[in-house]
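# Chain and residue survey
Spelled out, the chains give:
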Amino acid sequence: QVQLVESGGGLVQAGGSLRLSCAASGRTFSSYAMGWFRQAPGKEREFVAAIRGSGTNTYYADSVKGRFTISRDNAKNTVYLQMNSLKPEDTAVYYCAAGWGLYSGYEDGGIYDYWGQGTQVTVSS
């Protein structure tokens with residue numbers, strides 16, 4: 001069982017930055033690919049970014065490419081999402097997710113095993 005706890009959300013003006021963190025329990029963190037997803041009011045959940053267990057490969061949605069950076073510290077059991085040049089359309093609840101041994105299909109939320117409770121990000125114009 002893996003528990004995920006997100007933090008770092010908040011209110012920021014357009015053009016600003018936030019860094020989200022997701023702390024995981026357990027001793028096999030490096031075996032899990034980690035993903036960030038978001039869900040805005042009235043919209044479906046969408047993929048944001050993912051990173052392999054080793055941290056060697058990262059993947060991004062086109063909408064955030066060049067603005068967001070996903071990273072992980074396996075010694076701290078933590079994955080991060082650095083969000084720069086934020087836009088009002090980035091406003092959503094952001095969730096982290098863990099998937100055991102994933103090597104493909106990161107955009108599909110259905111293949112992840114564990115989810116956090118979410119953290120709200122609000123970008124004002």
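A quick note: this is a predicted structure, and the numbers were derived from the prediction, not measured.

### Some points on the pattern of salt bridges
- Tallied over the entire structure, the rule returns four salt bridges.
- Residue Arg38 pairs with Asp90 through a salt bridge whose shortest N-O separation is 2.9 Å. Within this pair, whereas Arg38 is found in strand E4 (residues 32-39), its partner Asp90 is found in the loop between strand E8 (78-83) and strand E9 (92-100), the two being separated by 52 residues in sequence.
- Note on Arg38: relative accessible area 5%, which makes it buried.
- Bridged by salt links that share partners, the residues Arg38, Glu46, Arg67 and Asp90 form one connected network.

### Topic: the sheet that holds strand E3 (residues 18-24)
- On the basis of which strands lie adjacent, the open sheet formed by four strands has the order E1-E3-E8-E7 and antiparallel pairing. For this open sheet the edge positions go to strand E1 (4-7) and strand E7 (68-73), each flanked by a neighbour on one side alone. Neighbour-to-neighbour, the strand axes of this sheet turn through a mean angle of 15°, independent of strand direction.
- Note: E3 against E8, six bridges, orientation antiparallel. Residue pairing in the sheet places Ala23 in a bridge with Thr78 of E8.

### What to know about the state of the cysteines
- With the rule as written, the count across this model stands at one disulfide.
- Between the sulfur atoms of Cys22 and its disulfide mate Cys96 the distance is 1.9 Å. Across the S-S bond of Cys22 and Cys96 the torsion is about 50°, and the bridge reads as right-handed. Remark: Cys96 occurs in strand E9 and Cys22 occurs in strand E3; sequence separation between them is 74 residues.
- Accessibility expressed as a relative area gives 0% for Cys96, which makes it buried.

Criteria and cut-off values
- Residues numbered from 1 in each chain as written.
- Predicted model: local features only at pLDDT ≥ 70, side-chain atom pairs only at ≥ 80, totals over all residues.
- Heavy atoms only, no water.
- Salt bridge = Lys/Arg side-chain N within 4 Å of Asp/Glu carboxyl O.
- Helix = DSSP H or I, 4+ residues; strand = E, 2+ residues; numbered from the N terminus.
- Buried < 20%, exposed > 50% of the residue type's maximum accessible area, 1.4 Å probe, protein only.
- Pairing = 2+ DSSP bridges.
- Axes fitted to C-alpha atoms, helices over the stretch in contact; angles between N-to-C directions.
- Disulfide = S-S within 2.5 Å.

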